[in-house]
Amino acid sequence: MDKGNMEPVLKISNLFKSFGALKATDDVSIDLYPGEIHALIGPNGAGKSTLIKQISGDLEPDLGSIHFLGKNMAGLGVADRAQLGLGRTFQVSSLALEFSALRNVMLAVQAKSGSSFRFFKPVMKDKALIEGAMEMLTQVDLQERANIPAAELSHGERRQLEIAIALALKPKVFLLDEPMAGMGPEGSKKLTEFLDKLRHQAPILLVEHDMDAVFALADRISVLVYGQVIATGSVDEIRRNPLVRTAYLGEEVV
Amino acid sequence: MDKFDREKALNVLIALSLLIIPFIAIEMDEPFYVTLATRVVVFAIAGVGLNLALGLGGLISFGHAAFFGIGGYAAGILASHALNYEPLMTSLFELNGTTEMLIIWGVAVVASGLAALIIGLFSLRTSGVYFIMITLAFGQMIYYFAISWPAYGGEDGLSIYVRNKFPGVNTLDPINFFLICFTLLMLSILLISVLKNSRFGAALQAARQNDERLSTVGIHPFKIRLTTFVVSAMITGLAGALYADLNRFVSPSMLSWHTSGEIMVFVILGGVGRLFGPVVGAALFILFESIFGGLTEHWMLFLGLVLLAVVLFARGGLIGVIAGKTRHG
């Protein structure tokens, strides 16, 4: 893609993170430009989750920097980064399970549309919150299930709900941690089409195991092995890269 | 009937029964029961306070006696200074005690809120069993401080010779004092009910269910919890001030961890997170105390059995048994 003189939305520079002797993140530099989907792939244990946690604010890197919209994220927690526009979904759905699907999304609409330190007006009479949340549920095709508690939703529906919550935050970047996991072929296909359109709303950093989805969606791919980025490039470049073929893709790509 | 409506109907029934008991007692010439009913009401307010933190926020505070006691001492100290005509302080300007309940309540609420702010700043950085232990530790610190502070009675406590005043009401009439406390109980329950349904309440309940979810949408769980802890302490502190006036006596035992445990028992017996749970819990507690307390000093054993049964078989407490599970909209 033509990046011209665009500034990256997310810029990760020379990031290091160790747990004892284990180098989970070893000099990682990745960036994300407006309008693109940058996929992050790598075998299990490559350090993808650790990297995601450093971007989201769960973990502080040992060294290196993360700039989001030109702002250094050092010292900012998860909530601060979310407020700045980082829309994250989890590998294993993380929802308020007692709340209905609607109320889960309403929480995000509420966070986006002002203070949570409002003590008197009942949320269930707040039309703006309800309608805003319903709109997001409709986008992920979950409107029929709005009043079902998250605990009673199917696995696939929970994944959709997570995306609806992220959408409601109107983020500047989507950080999607294995959104296809456990979705089934039909669900993956639908979600792939959905994410393809989503990139116009905000760029996506996509961690994914489903190679069909990655190859269909990604503008660029970075391959993480043992905490290091061994290659970054377009789908074709990554397919052809001999290092990647031996280290990761193995027999999968013919 | 819809389960949701059933709880509402039950709440109205509980409130009305509690309200008429003192009038029946007076009718039957048994004024002692008015005092007993007032005790239920005051304990219930303390429980309503804890229920905000424990029930809605999932904050298992084992230190709420601190706020109950601080509220009590605020009443005791202000009243004793006023009754002895000793100013609280004379340097800078003269500050006198007072026997006006409205002022005493204000001081009790602010003092317990401030204490909760400080305790919360430390304790809310932890969770689970550590949170329980830290709140317990802070509570015990304040308890030992009160014991070793001779100016206000130390271990012997502090007597208030005359019940404090409320504008336009003769507070010495037990029914009147009951009605004041009852009104405050209803107001505190109303406050919790409003909070529960608000944006703040939504964030608080989300914090209990899933901390990570809340921060990922950009809301700081810590700030939400700290606010909750302070409001919760303020309500319990108000109950402490009323308790001092009910007994016309304040003692360090109000601050002890037994009291924290008792307040927690009110909440759990009645139903954690249920609006009227603490009312039912406090009523049952007082009922057991007065029925079995006359027979044996080990009456808590019986209460313990009930508590065990509730925890094992009826997580929603007694309200849950009658009204069924809660529904979340």
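To start, this report covers the structure provided alongside it. (Residues numbered from 1 in each chain as written. Chains lettered and ligands numbered in written order. Predicted model: local features only at pLDDT ≥ 70, side-chain atom pairs only at ≥ 80, totals over all residues. Heavy atoms only, no water.)

**What about the interface of chain A and chain B?**
Inference 1: Listed as interface residues are 37 residues of chain A and, on the opposing side, 27 residues of chain B.
Inference 2: The junction of chain A with chain B conceals about 2900 Å² of combined surface from both sides, 58% of it contributed by carbon and sulfur atoms.
Inference 3: Taken as a group, Glu98, Leu107 and Phe119 of chain A account for 20% of the area that chain A buries against chain B, more than any other trio of residues on that side.
Inference 4: Summed over the shared surface of chain A and chain B, the result is two salt bridges.
Inference 5: Where Arg208 of chain B meets Glu98 of chain A, a salt bridge forms, and the shortest distance between an N and an O atom there is 2.6 Å.
Inference 6: Elements that contribute at least two residues to the side of chain A that touches chain B include exactly helix H2 (78-84), helix H3 (101-112) and helix H5 (155-168) of chain A.
Inference 7: Looking at the side of chain A that touches chain B element by element, the count peaks at six residues for H3 of chain A.
Inference 8: Split by residue class, the side of chain A that touches chain B holds 20 nonpolar, nine polar and eight charged. (Contact = heavy atoms within 4.5 Å. Buried area = accessible area lost by both parts, 1.4 Å probe. Salt bridge = Lys/Arg side-chain N within 4 Å of Asp/Glu carboxyl O. Helix = DSSP H or I, 4+ residues; strand = E, 2+ residues; numbered from the N terminus. Nonpolar A, V, L, I, M, F, W, Y, C, P; charged D, E, K, R; others polar.)

**Notes on the pairing of strand S8 (residues 204-207) of chain A**
On any regular strand, side chains alternate: one points to one face of the sheet, the next to the other face.
Residue and element names in this part refer to chain A.
Inference 1: Neither face of S8 is exposed, since Ile204 and Leu206 on one face and Leu205 and Val207 on the opposite face are all buried.
Inference 2: Of the strand pairs in this sheet, strand S3 (residues 37-41) and S8 are connected by four bridges, and their pairing is parallel. Looking across to S8, one finds that Ile37 is bridged to Ile204.
Inference 3: Alignment of strand S7 (residues 173-177) against S8, held across four bridges, turns out to be parallel. Opposite Asp177, over in S8, you have Val207 as the bridge partner. (Buried < 20%, exposed > 50% of the residue type's maximum accessible area, 1.4 Å probe, protein only. Pairing = 2+ DSSP bridges.)

**Side note on H5 of chain A**
Inference 1: Relative to the 20 Å expected for 14 residues at 1.5 Å per residue, H5 of chain A spans 20 Å between its end C-alpha atoms, a close match to the ideal helical length.
Inference 2: Of all 14 residues making up H5 of chain A, 11 are buried, and the element is well covered by its neighbours.
Inference 3: Within the span of H5 of chain A, buried status applies to Gly156, Glu157, Arg159, Leu161, Glu162, Ile163, Ala164, Ile165, Ala166, Leu167 and Ala168 of chain A.
Inference 4: If you follow the buried residues of H5 of chain A, they end up packed against strand S6 (86-89), H3, helix H4 (127-139), S7 and helix H6 (184-198) of chain A together with helix H8 (211-216) of chain B.
Inference 5: At the exit of H5 of chain A stands Lys170 of chain A, carrying a positive phi of roughly 45°. (Expected span 1.5 Å × (residues − 1).)

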